[in-house]
Amino acid sequence: MRKLNIGLIGAGFMGKAHSVAFANMPKFFWPAPAMPVFKTICDINPRIAEESKERFGFAEYCTDWKEIVNDPDIDAVSICTPNNCHAEIAIAALKAGKHVLCEKPIAHTSEAAKAMAEAGEEAKKDGVISMCAYQYRRVPALELAKKFIDEGSIGRIQNVRATYLQCWSADPSSPLSWRFKKGIAGAGTLGDIASHVIDISQFLAGDITEVVSTIKTYIEERPVQEDGVDLLGTVKLGADAKKAPVDVDDEDLFLVKFKSGAVGSIEATRNAWGRNNFITVEVHGTEGSLYFNYERLNELQVCFSKDADDRRGFKTIYTGPAHFHGEVTWNIPGMNIGYGELKTIEIYEFVKAIVEEKQPSTSFAVGYQVDKVCAAVARSSTTSQWEVVK
Ligand code: SOE
């Protein structure tokens, strides 16, 4: 079986998610398209780099990503660093002929996102794969929603209402990690999580062409955590901790127009107490509606206008073996998959794309399209006008 030497850069939360998924991929998808070999893991923190080598089973570790990009034995690179490093690493890796899976958002500026998309197109000519980690569109229930839409079961889409609500940043005592710094993250909630629901909405209803938005920053300064690793709000610092300003958005609200003529609304925040990974999408068509909530990951609610008046309403389909990649996960609907399996599906799609030399559905070009919508949302929040996605 073909082997694929992996270099993983950034050993935090996402580094763990990618490592677990590479390890599990052949356990679910057998025979695997290729066997991942855990070659090198990189983190700028030497202690974390060394520990992660042991923990995730890599042969080597390093603290400089260039060692991975320059290693002729490495075939594919996973980029799990903060956003401001994506472009430099991804472009260098693609130029070195390595397949790249990069965490979202694609980049921290529009210029960097454009350069990555161009590098992805260039690399494509040599059969090199670029992929942006918008994994949620691969939730089996959302793949099923797409199937209903494509089959015409809910008619023509009129409205898409999507939210991504979390609460990990609602507490002002949670530290100023890189996610609250524009220079590193590029944006706050917008790039971090609104981008996911933009991708899902475009996956289901086609490209967004215009937006009008309002953006708010609720917590304008946060305590500084010296040498802190980003732990997503699980760390709380005392009132006496030194504080520094937040220069990114906490909440984004926007209306959207799709190329198809459909309209919609998107809301995203990391400051909604009680909401955890509350990704919802409701699609209203001329002949029915679909509803999904990530907190009920294995369910899709469907309602069809053709049902008799006295029994029309949402019914729940539990995803399982009959659905997207369900035949390789667990045998009975209701046994359920979780975040780990979802990342495993993403890694399978990446490895399959490499072996088949076919760009995945979330190529850098798609990551760039999401970035363009985010840029229009940011522009509209200052002009208070509808802004065209360009
Ligand atoms: C934090 O908001 C975060 O880890 C995001 O960065 C991820 O993209 C999302 O899937 C879960 O929440």
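Further up the page is the structure itself.
Calculation rules
Residues numbered from 1 in each chain as written. Predicted model: local features only at pLDDT ≥ 70, side-chain atom pairs only at ≥ 80, totals over all residues. Heavy atoms only, no water. Salt bridge = Lys/Arg side-chain N within 4 Å of Asp/Glu carboxyl O. Helix = DSSP H or I, 4+ residues; strand = E, 2+ residues; numbered from the N terminus. Buried < 20%, exposed > 50% of the residue type's maximum accessible area, 1.4 Å probe, protein only. Arc of directions from axis to C-beta. Contact = heavy atoms within 4.5 Å. Near = heavy atom within 4 Å. Polar contact = N/O pair within 3.5 Å; in protein donor to acceptor, adjacent residues only side chain to side chain. Areas by Shrake-Rupley, 256 points an atom, 1.4 Å probe, with all protein chains shown as cover. Nonpolar A, V, L, I, M, F, W, Y, C, P; charged D, E, K, R; others polar. Domains from an automatic or database assignment.

(A) Summary view of the pattern of salt bridges. By the definition in use, this model includes 20 salt bridges. Arg-161 is paired through a salt bridge with Glu-282; the nearest N and O atoms lie 3.3 Å apart. With a gap of 121 residues between them, Arg-161 in strand β7 (residues 157-165) and Glu-282 in strand β13 (residues 278-285) connect regions that are remote in the sequence. Its relative accessible area of 42% is what places Arg-161 among the partly exposed residues. The partner of Asp-310 in a salt bridge is Arg-311, with the nearest N and O atoms 3.0 Å apart. Because the salt bridges share partners, they merge into one network encompassing Lys-104, Arg-179, Asp-192 and Arg-270.

(B) Expanded view of helix α2 (residues 46-56). Buried within α2 are the following residues: Ile-48, Ala-49, Ser-52 and Phe-56. When α2 is viewed along its axis, its buried side chains cluster within an angular range of 100° and face the same direction. Of the exposed residues in α2, the ones pointing more than 90 degrees away from its buried face are Pro-46 and Glu-54. For α2, the elements touching its buried residues are α1 (13-28), β2 (35-42) and β3 (60-62). Of the residues flanking the end of α2, it is Gly-57, one or two places downstream, whose phi is positive at about 85°.

(C) Broad picture of the site of the ligand. Taken together, Phe-13, Lys-104, Gln-135, Tyr-136, Tyr-164, Gln-166, Trp-168, Arg-179, Asp-192, Ile-193, His-196 and Leu-232 make up the full set of residues adjacent to the ligand. With respect to the ligand, the side chain of Gln-166 contributes an N or O atom lying 2.8 Å from an oxygen atom. Within the side chain of Arg-179, one N or O atom sits 2.8 Å away from an oxygen atom of the ligand. Contact with the protein chains hides 94% of the accessible area of the ligand, taken as 310 Å² for the molecule alone. When residues in the shell around the ligand are grouped by element, the largest group, three residues, is from helix α8 (residues 189-205). Looking at the shell around the ligand, its residues break down into six nonpolar, three polar and three charged. Summarising the domain contributions, the shell around the ligand has at least three residues from each of domain 1 (3-135) and domain 2 (140-336).

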